[in-house]
Amino acid sequence: MKLANPGQVPVYTVSGASTARPLPDWLARRRKRSLKNDPEYQNRVELLQDFEFEEASSCVRVSADGEWIMSTGTYKPQIHVHNLDQLSLSFARHTNSLNHSFELLSNDYSKSIHLQIDRRLEFHTPMGCHYEVRLPRYGRGIVYDRLSTEALVPSVGLDTDGKGEVFRLNLEMGRFMRSYQVDVGGDDELTGGGLQGGIGVGSVNTAAIAEESHNLLAFGTSLGSVEFWDPRSKSRVAVLAGQEGEITALDFSSSGLSLATGSSTGMMQIFDMRRPTPLLRKDHGYGFPVKKLIHMTTSSQEKKVLSSDKRIIKIWDEADGEPWTSVEPVVDINDVAWCRDSGMILTANEGKQQHAFFVPQLGAAPEWCTFLDNLVEEMAEETRTETYDNFKFLTVPELKQLSLSHLVGKSNLLRPYMHGYFVDTKLYDQAKLIANPYMFEEDRAKRAKEKIEKERASRIRGNKKVKVNQKVVDKILKKQENRDKVDTNAGILGDDRFNKMFEDEEFQVDEKSREFQVLNPSTVVDRSAADSGAPSRYQAQSSDDDASSESEDEITGQPKRRDDDVVMHVSSTQNRGGRTRDTALGSREHKAAKEKIRRGEVVGDKQVTFTPHTKRNGAQPEEAPRSHKPKGQRRSASSNTFRKM
């Protein structure tokens, strides 16, 4: 069920196709799995079972007792009869040719007369086709006069007197009576006159009868005139001429004093039977011939007129001609039927499914579908917002910011609305990208930040801010992650005796203390926070240590290295297995401060002389006596190569 016209008088589309050409059955079966995500398919309302035809429907009628619906369609040519009490198809029957129109002769579906496109009249009963008769010329419509039991068939072409004919088939006597001769104008003289296939041949297009009042007959012609005949005297009583185009639709009001006419140019006029000038003249706006006219009465006894062409159905006010409501299906309309004293309108159309529209202000739902009233009330309670797809609303300052103000009044890309304009989404994206080239990076960073915040919120759904010991509060609330609702006053958080723990700074938990680390060995202490704050415990040093360390720094000229500093060692294989040099960063001392200890030198006290000598004389400095290691003894660990690394 879908709201088709969200105006002051809403119209609900109860059933009908959303596309002109539905998908084939073999393709629809493949897409059945995807239909579970289609909101239109999930919210569908199947008003009548199989209220459709294979290709299109041509005519639809509702029985006088309001319990049956008969419709005709194609392909193949067939007749469908629906039982409204059961909301289902009663039976389907095929015919030899396509149906043009039909009329129900009884209060139910049991007797009907059908005008076929092959110039035949068929009489149908529940058992099937009862009788058929052939017409002299092609018929344009059919009307049943219940008082004289005559079927009136307007036809195309001229008789021997150069007049148009309306065939009279008397059902009581079972034979044709003398036809009504209607003036439709002469044919082209070159065609021989009166040929129904001639160029510009005249015809009687439609007929109407005021069976609820004076029982006058009205015939609309191709000349644009309407002739009124009295079935009692079988004579013409009046002629209404001077209208533009051909008359394609006629309908009497229930009182018989008002007549509505529709022309091939899309003009609808309302006449009073007591004067020749129209009381009201309305244009449909599309230029298509008017196919159907129906006088209606709403639940509040307001008089309305329904007019329909192949594109749209409009309902007018009969008094002043103000448009009341309208509905425009996605397929062409062939015929319209109204369920009397209700708001239900049925159509025969070119689509596969027949349409059913419900207008609550026109009347209540029929007895066979009273559940529609409850559905309409539920849908009316829902808030409706008009959305504009693929458009972005911008104010005038925003247009100037995007350099689009020069398009105002010069292009249809900007649609004025209230205090701004609607701009096409593609144009808006391009203009925004030109104005801010880094928009993509900013949007990406924004989405990443939102995702991180969402993950943080999912970890701790409860949030309670305190002055002191916030980590303790977060740890307590984290234990409630699996609960449906987080209690921010659970445990000590809601106990008044522990208020100072979260308000007084003297109760701050020192995570750097020894006691805390023993009780919580797995807690990771933030180093940056520890260094930036006050000095931690056990960092005090004596003045002697400070002095000695400062003196050592002045002698070596190198910065003092702390025990907890990180030292980087560099190793390489370019020395071919030789002794690795000490390349520790920050640990190199001045070369003059220490001498290298070579293999074979004496370890211990060493005598140093400052006597000058020259390498030119070849004199060598005295060497200290070397100690020779006796054979068989264990090698000293002091000469171990790894000790010198």
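What counts and what doesn't
- Positions within a chain are numbered from 1, following the residues in the order the chain's sequence is written.
- Local features are withheld for residues below a pLDDT of 70 in this predicted model, meaning they are given only at 70 or higher, and side-chain atom pairs are given and counted only at 80 or more; totals for whole chains, interfaces and linings count all residues.
- Side-chain measures were taken over the full set of non-hydrogen atoms in the model, leaving aside hydrogen atoms and water.
- Secondary structure elements follow DSSP: runs of H or I no shorter than four residues count as helices, runs of E no shorter than two count as strands, and numbering proceeds from the N terminus.
- Accessible area is worked out with a 1.4 Å probe on protein chains only. A residue is then buried under 20% of its type maximum, exposed over 50%, and partly exposed in between.
- We call two residues in contact whenever any of their non-hydrogen atoms come within 4.5 Å of each other.
- Accessible surface area values rest on a Shrake-Rupley calculation with a 1.4 Å probe, where residue burial reflects the displayed protein chains alone.
- Aromatic rings from Phe, Tyr and Trp, with only the six-membered ring used for Trp, were paired whenever their centres fell within 6.5 Å, and each pair was classed as stacked if the ring planes differed by under 30 degrees, edge-to-face if by over 60, and tilted otherwise.
- Both a distance and an angle decide whether a charge sits over a ring: NZ of Lys or CZ of Arg must be within 6 Å of the ring centre and within 35 degrees of the ring normal.
- The pairing criterion for strands is at least two bridges between them, as found by DSSP.
- In this analysis an axis means a line fitted to C-alpha atoms, helices contributing only their contacting stretch, and an angle means the value between N-to-C directions, from 0 to 180 degrees.
- Side-chain atoms within 4.5 Å are what join buried Ala, Val, Leu, Ile, Met, Phe, Trp, Tyr and Cys residues into a set we call a nonpolar core.
- Nonpolar side chains (Val, Leu, Ile, Met, Phe, Trp, Tyr) within 5 Å and like charges within 9 Å form the patches, drawn only from residues with over 30% relative accessible area and no salt bridge.
- What makes a salt bridge here is a side-chain nitrogen of Lys or Arg within 4 Å of a carboxyl oxygen of Asp or Glu, nothing more.
- Within this scheme the basic residues Lys and Arg register as positive and the acidic residues Asp and Glu register as negative, but His and the chain ends are omitted.
- By convention, the charge on Lys lies at NZ, on Arg at CZ, on Asp at CG and on Glu at CD.
- The arc under discussion is defined with respect to the helix axis, by the directions toward the C-beta atoms.
- We call a pair of cysteine sulfur atoms a disulfide whenever their separation is within 2.5 Å.
- Distance and chemistry together define a polar contact, namely a pair of N or O atoms within 3.5 Å, with one atom able to donate a hydrogen and the other to accept it when in protein, and with adjacent residues in sequence counting only for side-chain atoms on both sides.

Colleague: Quick question: what am I supposed to make of the overall build of the protein chain here?
Modeller: When helices and strands are counted, the protein chain shows 10 helices and 32 strands. Per-residue burial over the protein chain gives 35% buried out of 645 residues. Expressed as a percentage of contacts within the protein chain between residues at least 6 apart in sequence, the contacts between residues at least 24 apart total 44%. Working note: accessible area of the protein chain is about 43,000 Å², and carbon and sulfur atoms make up 49% of it.

Colleague: In this structure, what is going on with the environment of Lys426? I would like to understand it.
Modeller: With respect to the element layout, Lys426 can be found in helix H5 (residues 425–435). A relative accessible area of 64% places Lys426 in the exposed class. Put simply, Lys426 and Phe391 are 35 residues apart on the chain and 8.5 Å apart in space, counted from C-alpha to C-alpha.

Colleague: Just to check I follow, could you spell out unusual backbone geometry for this structure?
Modeller: Leaving glycine aside, a negative phi is the common case for residues, and trans is the common case for peptide bonds. Cis rather than trans, the peptide bond between Thr74 and Tyr75 has omega equal to -5°. Topologically, Tyr75 is positioned in the loop between strand S4 (68–74) and strand S5 (78–83). Cis geometry is adopted by the peptide bond preceding Lys76, which originates at Tyr75 and carries an omega value of 10°. Here Lys76 shows up in the loop between S4 and S5. The phi dihedral of Asp50 is positive, around 55°, even though this residue is not glycine. On the secondary structure map, Asp50 appears in the loop between helix H2 (39–42) and strand S3 (56–62).

Colleague: What is the right way to look at the packing of aromatic side chains in this model?
Modeller: Aromatic rings in a pair are described by how distant their centres are and how their planes are angled relative to each other. Summed over all chains, the structure comprises 7 aromatic pairs. With 6.4 Å between their ring centres and 35° between their planes, Phe123 and Tyr131 make a pair best called tilted. Sitting above the plane of the Phe102 ring, Arg61 keeps its charged end 5.6 Å from the centroid. The cationic tip of Arg168 hangs over the ring face of Tyr180; the distance from NZ or CZ to the ring centre is 5.2 Å.

Colleague: Explain the sheet that holds strand S31 (residues 414–417) here, please?
Modeller: Each strand in a sheet pairs with its neighbour through backbone hydrogen bonds, running either in the same direction (parallel) or in the opposite one (antiparallel). Taken in spatial order, the 3 strands line up as S30-S32-S31 in an open sheet, and their pairing is antiparallel. Taken across any chain shown, the strands that pair with only one partner, and hence form the sheet edges, are strand S30 (391–395) and S31. Neighbour-to-neighbour, the strand axes of this sheet turn through a mean angle of 35°, independent of strand direction. Along the sheet face, H5 touches S30 and strand S32 (420–424) and points at about 95° away from the line of S32.

Colleague: Is there a simple way to think about the nonpolar core in this case?
Modeller: Grouped burial of nonpolar side chains is what soluble globular proteins tend to show. Within the largest apolar cluster, 21 residues are counted, with the highest numbers of intra-cluster contacts made by Leu47, Met344, Trp368 and Leu372. Mapped onto this core, the elements with two or more residues apiece are strand S2 (11–15), strand S28 (344–349), strand S29 (356–358) and helix H3 (371–381). Here this core takes 3 residues from S28, the largest share from any one element. Setting aside anything within four residues of it in sequence, one finds Trp368 in contact with Leu47, Leu48, Gly66, Leu84, Leu87, Cys339 and Met344.

Colleague: I'm lost on a negative patch on the surface in this one. Help?
Modeller: On the surface, a cluster of negative charge is made up of Asp65, Glu67, Asp85 and Glu367. With respect to the helices and strands, Asp85 occurs in the loop between S5 and strand S6 (88–94). The exposure class of Asp85 is exposed, given its relative accessible area of 53%.

Colleague: Can you walk me through the environment of Gly185 in this structure?
Modeller: With respect to the helices and strands, the residue Gly185 is situated in the loop between strand S14 (175–182) and strand S15 (204–209). As for Gly185 and Ser203, which are separated by 18 residues in sequence, their C-alpha atoms are 8.7 Å apart. Discounting residues that sit within four places of it in the chain, Gly185 has contacts with Leu158 and Leu223.

Colleague: Sorry if this is basic, but what is going on with H5 here?
Modeller: Since the α-helix turns once every 3.6 residues, residues separated by three or four places project in the same direction. Among all positions in H5, only Leu427, Tyr428 and Ala431 are buried. Projection of H5 onto a plane perpendicular to its axis shows the buried side chains occupying an angular sector of 100°, all on one side. Among the exposed residues of H5, those pointing more than 90 degrees away from its buried face are Lys426 and Gln430. Each element contacted by the buried residues of H5 is listed here: S30 and S32.

Colleague: Even after reading the chapter, I still don't get the sheet that holds strand S22 (residues 278–283), so can you show me in this structure?
Modeller: Taken in spatial order, the 4 strands line up as S19-S20-S21-S22 in an open sheet, and their pairing is antiparallel. Strand pairing shows two members of the sheet lacking a second neighbour, strand S19 (247–252) and S22, which therefore form its edges. Within the sheet, the average angular offset between the axes of one strand and its neighbour, ignoring direction, is 15°.

Colleague: Please clarify how the state of the cysteines should be interpreted in this entry.
Modeller: Linking two cysteines covalently via their sulfur atoms produces the bond known as a disulfide. Under the defined criterion, the tally for this structure stands at 0 disulfides. You can see Cys369 has no disulfide; the closest cysteine sulfur is in Cys339, sitting 7.4 Å from it. Given the relative accessible area of 0%, Cys369 is considered buried.

Colleague: Would you mind going over the side chain of His124 with me for this structure?
Modeller: Residue placement: His124 occurs in strand S9 (residues 120–125). A polar contact is formed between the side chain of His124 and the side chain of Glu122, at a distance of 2.9 Å. Beyond its immediate chain neighbours, meaning those up to four positions away, His124 contacts Ile79, Arg93, Thr95, Ser110, Lys111, Ser112, His114, Cys129 and His130.

Colleague: Can you help me understand the environment of Gly321 in this one?
Modeller: With respect to the helices, strands and loops of the structure, Gly321 is situated in the loop between strand S25 (313–317) and strand S26 (323–327). Sequence spacing of Gly321 and Val305 is 16 residues, and the spatial spacing of their C-alpha atoms is 8.9 Å. Once residues lying within four places of it in the same chain are set aside, the contact partners of Gly321 are Leu280, Lys282 and Trp316.

Colleague: What exactly am I supposed to notice about the side chain of Ser63 here?
Modeller: Mapped onto the secondary structure, Ser63 falls in the loop between S3 and S4. Of the polar contacts made by the side chain of Ser63, one reaches the side chain of Asp65; its length is 2.5 Å. Leaving out residues up to four positions away in the same chain, Ser63 has contacts with Trp68, Leu104, Asn107 and Asp108.

Colleague: Explain the pairing of S6 to me, please; I cannot follow it from the model alone.
Modeller: The side chains of a regular strand alternate between both faces of the sheet. Where S5 and S6 come together, 6 bridges link them in antiparallel fashion. Within the sheet, the bridge partner assigned to Val81 lies in S6 and is Phe91. In this antiparallel pair of consecutive strands, S5 and S6, the connection spans 4 residues, and Leu87 shows a positive phi of 55°.

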